[in-house]
2 protein chains.
Amino acid sequence: MKIVIVGGSFAGVTAAVTARKKFPKAEIVLLEKKNTIGFIPSALHLILNSEIESLQQAYFISEAEIEEHNIHLILAAEVKKMDIKNQIISYENQNILKNIAYDKLILATGSTQNSYRIKGIDSERILKYKSIEKAQEALALVNENQTFTIVGGGQVGVEMADCLVRQNKKVQLIESMSGILVKYFDQEMLAPLLLEMKNKGVISYFNETVQEIKEIENRVILTTNNREIESECAVFALSVKPNLPYLDPTIRCHEDGSIFVDEYLKTSVENIFAIGDCIQIPSSLSSETFYVSLTNNAVRAGVVVVDNLVEPQTVFIGSARTIGTKVFDYFIASTGMTEAESIFFDEEISTTYVTQSSSLFNEESIKGKLLYNKETRKILGAQFISKSNILEKINTLSLGIQMGITVEELAQKDYYFHPAWSPVYDVTNQLGLMKD
Amino acid sequence: MKIVIVGGSFAGVTAAVTARKKFPKAEIVLLEKKNTIGFIPSALHLILNSEIESLQQAYFISEAEIEEHNIHLILAAEVKKMDIKNQIISYENQNILKNIAYDKLILATGSTQNSYRIKGIDSERILKYKSIEKAQEALALVNENQTFTIVGGGQVGVEMADCLVRQNKKVQLIESMSGILVKYFDQEMLAPLLLEMKNKGVISYFNETVQEIKEIENRVILTTNNREIESECAVFALSVKPNLPYLDPTIRCHEDGSIFVDEYLKTSVENIFAIGDCIQIPSSLSSETFYVSLTNNAVRAGVVVVDNLVEPQTVFIGSARTIGTKVFDYFIASTGMTEAESIFFDEEISTTYVTQSSSLFNEESIKGKLLYNKETRKILGAQFISKSNILEKINTLSLGIQMGITVEELAQKDYYFHPAWSPVYDVTNQLGLMKD
């Protein structure tokens, strides 16, 4: 069996490594557009926050490790077209178009930012950092300049704002919605974070969209629907969309351009599968699928798809959209539905809030919020904010959502207690207890 | 309604505070044998490990906080007998026997160590520290002496060994089983911890039982089945049993002396409930009940019992026996069944092991072990050891056991990913993936 995987980011690499374990004798080919593989897209954040010392460290896997798995890695290989009838794909490598046949094909070409359409986006004063070369250039721009405008108040945008403020830069933030991280958090939960951003000098412009980018004398001027915003550099951290210019038009897609896959991650065409930021995946909260670009979804789909290459075997459970990060000294984490989006939910929702100390002798508080279905009692979403590292707690609640736990079951679930690291009654249980 | 709660440790206090919320108009009386309330039994460990600065801090709740809840607290009140027909209990307070009537009675008088029968146990060279006065005396003994023998290699014993080694004391450990923490860990998982204990100078005597205690010239000599072990002081950290000298004999008990309660935590007598270390509780792994003395069980039962005082309403789910601690620089955590005890389980068990870095840029490894039912695929137990703090991860697996998750579901559960704090694929998922 010859398995060809297109795209060497988290999804593709995971599928390749998992396939090697499951099919020791298969020929496995991994095609990657860039010259290197395994670079972590948020490496610039890691180095600015001193999590790593050099960009060279910012790889989740190395070429050598991939080749140790006896995976045939072809770098600088950009897929150009597909011949689904003869099971052949064509890719450009060193300006030559080459063909490769497959028995099983896994598409994992990821996403691109929606910003690519804005006029002026190619300015060298706009930081781009998905590859190591670009990240090095971006790092130089950070070192040489003092004023930055970030476009997009999602996870990437707010993390970048935090990184730049730590470097004593002056930061402005433009967001088209009425707050930050709106997909994951109800804004009242982020009140202390928003205040801290303001105190640290971040100027936020909400409900504004960038329409034009001009570069004038070492400055970029961003024109929004309301004003012109000037700074030395800008960062675009907008939402992303599937990157599929090569896709055969007979492969069924969703309206947003993502590939339609069945519950086994198979496309509408025999022997072709898709994972990662190319596809919509099932929501843990409804029978719908949705587009949500998260590394953990990519990795988990990369694991599951391998089970289904020969015959449908393992249903992909999809995502509760679980995230966790630390910005402006606050650990924040979210899973499932927010109250803001619950208006799209047919049934009645209840919410509970809890604020308690993170452990018996650590008075740093944890604030938590829980959403549940008032009728079925099943939990639908949770959010945390704390100066203590509570990130792991979101994984427990995410599993609770996946397994259909009720608010009453949550209140009395088991947990470890130790007076040095935990409160007497865990905050996740407390959220369940506060039910109406 | 008049609710009388006997015993003011974790179970009783939780029940009292929860009852106040549910029944704003009830009269609530809390009787506690000691002169103070809320003292944490492991306070001596906390102060020796510098988690707290003074024993005065080692309270999980204060008298004032209890009284703020409008709970009538009576200290130095030792229950002596019960009149179940007339719903009256008698307690001794300042040498006077007093009576108190109840509509609902909750027994939460906890446990005592099984060591109380050993001759010589009252020696002043044996550290006792369940009350603040005793803890102060114990602290003085630690400061004044250099050699200690710990009897019992469970959580308390091993934590105490660690505390004493940190104070540069010379420690010997006697354990009747063939290893440490055997109830919670398979010994191969603790190999690095056992080695570290040895390297730190702890001398362990396994499969030995103390039969006699002698005190000779500022020394205690413990006679086991094999030898005499001498040191300046000793600590007994043996298993515990219910403390119920006052119990009316018509109340049904288990063979081990613990009170029999139904799934609603009600005893065999109308209007009398029992929680905490007095009772056996349901196991998350079978239809059996078992005796397991853990604070989190006490607290959770204290929450649930209140729901059932007026009418049976909430079934207590019992315990997966989840624990987490840090000893000799290793964080260790366990939930559910160990492989050693799986021989008592009727069905075939499979195990998986994983060792991986705790996060992308933290090479400190996590070792994990998972047990699952080979036929039903449901997970039955998990153990972790790491120098990184992985304690919260056990809560996710504990919830998985409670909700009946299969090993395949575990492999693809959702989790947060952040390159600064997590690996690409969570260790708990990895345990599921390693299935056979």
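Residues numbered from 1 in each chain as written. Chains lettered and ligands numbered in written order. Predicted model: local features only at pLDDT ≥ 70, side-chain atom pairs only at ≥ 80, totals over all residues. Heavy atoms only, no water.

Named according to an unreviewed UniProt entry, chain A is Pyridine nucleotide-disulphide oxidoreductase family protein originating from Carnobacterium maltaromaticum LMA28. UniProt, in the comment section headed Sequence similarities (unreviewed entry), describes chain A in these words: "Belongs to the class-III pyridine nucleotide-disulfide oxidoreductase family." (UniProt positions renumbered as here; feature names shortened; annotations may be inferred.)

K.L.:
Go over the UniProt feature "domain: Pyridine nucleotide-disulphide oxidoreductase dimerisation" (unreviewed entry) in chain A, please, and point to the residues and values.
P.N.:
The residues that UniProt annotates with the feature "domain: Pyridine nucleotide-disulphide oxidoreductase dimerisation" (unreviewed entry) are residues 325-422 of chain A. Between the C-alpha atoms that bound residues 325-422 of chain A the distance is 21 Å, and the span itself is 17% helix and 42% strand. (Helix = DSSP H or I, 4+ residues; strand = E, 2+ residues; numbered from the N terminus.)

K.L.:
Give me the lowdown on helix 6 (residues 191-199) of chain A, citing residues and values where you can.
P.N.:
Residues and elements named next belong to chain A. Taken together, the buried positions of helix 6 are L193, E196 and M197. Burial along helix 6 is one-sided: seen end-on, the buried residues are contained in an arc of 100 degrees. Of the residues in helix 6, the exposed ones pointing more than 90 degrees away from the buried face are L195, K198 and N199. Tucked into the core, helix 6 has its buried residues touching helix 5 (155-166), strand 11 (170-175), strand 21 (323-327), strand 22 (330-336) and strand 25 (379-386). Looking one or two places after helix 6, you find G201, whose phi comes out positive at around 90 degrees. (Buried < 20%, exposed > 50% of the residue type's maximum accessible area, 1.4 Å probe, protein only. Arc of directions from axis to C-beta. Contact = heavy atoms within 4.5 Å.)

K.L.:
Break down the domain arrangement of chain A for me, citing the residues and quoting the values.
P.N.:
Residue and element names in this part refer to chain A. For chain A, the domain assignment lists domain 1 (2-37 + 57-112 + 241-308), domain 2 (126-236) and domain 3 (329-433). Computed over C-alpha atoms only, the centres of domain 1 and domain 2 are separated by 32 Å. Contacts between the two partners involve 5 residues from domain 1, matched on the other side by 4 residues from domain 2. Buried surface at the junction of domain 1 and domain 2, both sides included, amounts to about 420 Å², of which 50% is carbon and sulfur. Of all residues in domain 1, K34, Y59 and L294 give up the largest surface area on contact with domain 2, accounting jointly for 57% of the area buried on that side. At the boundary of domain 1 with domain 2, the tally comes to 0 salt bridges. Put simply, domain 1 and domain 2 have 1 residue pair in polar contact (both at pLDDT 80 or more) between them. (Domains from an automatic or database assignment. Buried area = accessible area lost by both parts, 1.4 Å probe. Salt bridge = Lys/Arg side-chain N within 4 Å of Asp/Glu carboxyl O. Polar contact = N/O pair within 3.5 Å; in protein donor to acceptor, adjacent residues only side chain to side chain.)

K.L.:
Got a sec to walk through the UniProt feature "domain: FAD/NAD(P)-binding" (unreviewed entry) in chain A? Specific residues and values, please.
P.N.:
According to UniProt, the "domain: FAD/NAD(P)-binding" (unreviewed entry) feature falls on residues 1-302 of chain A. Each end of residues 1-302 of chain A is marked by a C-alpha atom, and these two atoms are 18 Å apart; helix forms 22% of the span and strand 28%.

K.L.:
Would you mind going over the side chain of A:S359 in detail, with residue names and values included?
P.N.:
Within the fold, A:S359 resides in strand 23 (residues 349-359). Of the residues examined, A:S359 reaches a relative accessible area of 7% and is grouped as buried.

K.L.:
Please give an account of the interface of chain A and chain B that cites residues and values.
P.N.:
At the junction of the two partners, chain A supplies 63 residues and chain B supplies 63 residues. For the pair chain A and chain B, the two sides together bury roughly 5400 Å², of which 64% comes from carbon and sulfur. It is A:Q412, A:D414 and A:Y416 in chain A that bury the most area against chain B; as a group they hold 16% of the surface buried on that side. If you look at where chain A meets chain B, you find 4 salt bridges. When the shortest N-O distance is used, the salt bridge between A:D414 and B:R300 registers 3.3 Å.

K.L.:
Give a description of the pairing of strand 16 (residues 233-236) of chain B that names residues and reports values.
P.N.:
All names here are of chain B. Across the two faces of strand 16 the burial is the same, with C233 and V235 and A234 and F236 all buried. Relative to strand 16, strand 9 (residues 126-127) runs parallel, the two being bridged by 2 bridges. Bridging across to strand 16, L127 finds its partner in V235. (Pairing = 2+ DSSP bridges.)

K.L.:
Please set out the relation of the copies chain A and chain B residue by residue, giving values where relevant.
P.N.:
Overlaying chain A with chain B gives an RMSD of 0.0 Å, the required rotation being 180 degrees about an axis along which the chain moves by 0.0 Å. Both copies of the chain, as the preceding transformation shows, are related through a two-fold rotation axis. Relative to the rotation axis, the closest C-alpha in chain A is found at A:T396, a distance of 2.2 Å. Looking at the interface residues of chain A, 100% of them are also at the interface in chain B, so both copies use one shared face. (Least-squares fit on C-alpha atoms with pLDDT ≥ 70 in both.)

K.L.:
How would you summarise the sheet that holds strand 22 (residues 330-336) of chain B if you had to cite specific residues and measurements?
P.N.:
Residue and element names in this part refer to chain B. Across the sheet, 5 strands lie side by side as 21-22-25-24-23; this open sheet has antiparallel pairing. The open sheet has two edge strands with one neighbour each: strand 21 (323-327) and strand 23 (349-359). Sheet twist, expressed as the mean angle between neighbouring strand axes with direction ignored, is 15 degrees. Pairing between strand 24 (residues 362-373) and strand 25 (residues 379-386): 7 bridges, direction antiparallel. Within the sheet, the bridge partner assigned to Y372 lies in strand 25 and is I379. Helix-sheet contacts for helix 6 (residues 191-199) involve strand 21, strand 22 and strand 25, and the interaxial angle to strand 22 is about 140 degrees. (Axes fitted to C-alpha atoms, helices over the stretch in contact; angles between N-to-C directions.)

K.L.:
I'd like a description of the nonpolar core, backed by residues and values.
P.N.:
Note on soluble globular proteins: their nonpolar side chains tend to be buried together. In this structure, A:L31, A:I89, A:L107, A:L127, A:L193 and A:I259 are the most contacted members of the largest nonpolar core, which totals 114 residues. With residues up to four places along the chain from it excluded, the contact list for A:L107 reads A:V6, A:M82, A:Y246, A:L247, A:I259, A:I272, A:F273, A:A274, A:I275 and A:C278. Counting residues in hydrophobic clusters, the runner-up holds 113 residues, among them B:V4, B:L73, B:F148 and B:I323. (Core = buried A, V, L, I, M, F, W, Y, C linked by side-chain atoms within 4.5 Å.)

K.L.:
Residues and numbers for helix 8 (residues 391-402) of chain A, please.
P.N.:
Residues and elements named next belong to chain A. Across its 12 residues, helix 8 extends 18 Å between first and last C-alpha, which sits within 8% of the 16 Å expected from 1.5 Å per residue. Among the 12 residues that make up helix 8, 11 are buried, leaving the element largely enclosed by the rest of the structure. All of the buried residues along helix 8 are L391, E392, K393, I394, N395, T396, L397, S398, L399, G400 and I401. Among the residues trailing helix 8, G404 stands out with phi positive, at a value near 70 degrees. (Expected span 1.5 Å × (residues − 1).)

K.L.:
So what's going on with the sheet that holds strand 6 (residues 96-101) of chain B? Residues and values would help.
P.N.:
All names here are of chain B. Strands sit in the order 4-5-6 across an open sheet of 3 strands; the sheet is antiparallel. Each edge of the open sheet is held by one strand with a lone partner, namely strand 4 (77-83) and strand 6. For this sheet, the mean angle separating the axes of adjacent strands, direction not counted, is 30 degrees. Bridge count for strand 4 against strand 5 (residues 88-93) is 6 bridges, and the pairing is antiparallel. Pairing of V79 across the sheet is with Y91, part of strand 5.

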